[in-house]
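# Coordinates in review
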Amino acid sequence: MNADHTTAGKAPDATIVQATETHVRERLSGDSTGHDWFHTYRVRRLALRIAADEAETGATLDRRVVELAALLHDIDDWKFAGGDETAAPRAAAAWLAAQGAGPDTVSDVAEIVATLSFKGAGVPTPMRTAEGAIVQDADRLDALGAIGIARTFAYGGYKGSTLHDPGVPPTSHDSFAAYKASSGTSINHFAEKLLLLRDRMNTASGRHLAAERHRVMEAFLARFLAEWDGQA
Ligand code: ADP
Ligand code: NI
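Structure report, in brief. Please read these numbers as outputs of a predicted model, since none were measured by experiment.

Taking 1.5 Å per residue, 16 residues should reach 22 Å; helix α2 (residues 13–28) reaches 22 Å between its end C-alpha atoms and fits that length. Every buried residue of α2 is listed here: D13, I16, V17, T20, E21, H23, V24 and L28. G30 sits one or two residues past α2 and shows a positive phi near 90 degrees.

Attention now moves to the packing of aromatic side chains. Counted according to the given criterion, the structure contains twelve aromatic pairs. Look at F153 and F190: their rings are 6.2 Å apart centre to centre, the planes differ by 40 degrees, and that puts the pair in the tilted class. Linking F153 in helix α8 (residues 145–159) with F190 in helix α10 (residues 186–192), this pair joins segments that are 37 residues apart in sequence. Taking the relative accessible area as the measure of exposure, F190 reaches 1% and is therefore buried. Ring centres 5.4 Å apart and planes at 55 degrees place the aromatic pair Y155 and Y158 in the tilted group. Residue Y155 and its partner Y158 are both found in helix α8; the two are separated by three residues, about one turn of the helix. Judged by relative accessible area, which is 19%, Y155 ranks as buried.

With that settled, consider the coordination of the nickel ion (ligand 2). Bound to the nickel ion (ligand 2) on the protein side are H39 (NE2), H73 (NE2), D74 (OD) and D139 (OD), at distances that span 2.1 to 2.4 Å. For the nickel ion (ligand 2), the four donor atoms in the first shell make angles of 83 to 170 degrees at the metal, so the coordination geometry reads as irregular. Read in sequence order, the donor residues coordinating the nickel ion (ligand 2) give the pattern H-x33-H-D-x64-D. Taken together, the residues H73 in the loop between α4 (63–72) and α5 (87–98) and D139 in helix α7 (residues 130–141) connect sequence positions 66 residues apart.

Conventions we followed
Residues numbered from 1 in each chain as written. Chains lettered and ligands numbered in written order. Predicted model: local features only at pLDDT ≥ 70, side-chain atom pairs only at ≥ 80, totals over all residues. Heavy atoms only, no water. Helix = DSSP H or I, 4+ residues; strand = E, 2+ residues; numbered from the N terminus. Expected span 1.5 Å × (residues − 1). Buried < 20%, exposed > 50% of the residue type's maximum accessible area, 1.4 Å probe, protein only. Phe/Tyr/Trp six-rings, centres within 6.5 Å; stacked < 30°, edge-to-face > 60°. Donors = N, O, S within 2.8 Å, 3.2 Å for Na, K, Ca; no water. Tetrahedral: all angles 85-135°; square planar, octahedral: opposite > 155°, others 65-115°.

Have a look at this one:
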């Protein structure tokens, strides 16, 4: 990482982080799709926790880039920007530049926002930087476990998906276009995405947290299907 993350900017880091938090909180509060401010709040906390674990193992990383990317990652996400996947990185870059962030910070954060998202079971989404790997793990962890289950049905309701249909099998999407266009059931979202994430985590602490959250989802699905069949 280049050292100019703050020095080229007009405002010091802490001021930019605070202004960014206020901006994101305003933009996302009231969302009912599972992409509300508190999703971002949790992703930031997880990301900073994973960053601390990674730093302990000797990784060099810029904590401010982690924090800013976590804060900005869902502003103008493609799902809410007419399918345009360039909107979120553009919004992040424009915001940070307007705050006086240095050019390296702007481009590092925008790159993370551009490359973070899951794009279908068959589509690799590698992160180029250590900071990106951490924020991607944090965002994915918030898609898992008890919170992941809650968010899935919140988003399914927003999208108009049915809860479950035993006649509709899950689909393995081989392109982002196919993933974007899909209209599956909420239960199928587990097989199509959520149960795949445990084995795609980037960091050791991400893997550790994902394993427990994965078990919570498996237990939920087993119980859901048992109740569906009148077995429980
Ligand atoms: P990413 O964080 O990889 O960009 P998304 O923002 O698309 O992922 O998804 C975040 C969460 O929103 C998912 O983990 C899930 O809870 C919910 N979600 C997204 N797409 C769907 C879907 N098609 N059906 C149900 N829930 C979904
Ligand atoms: Ni997110």
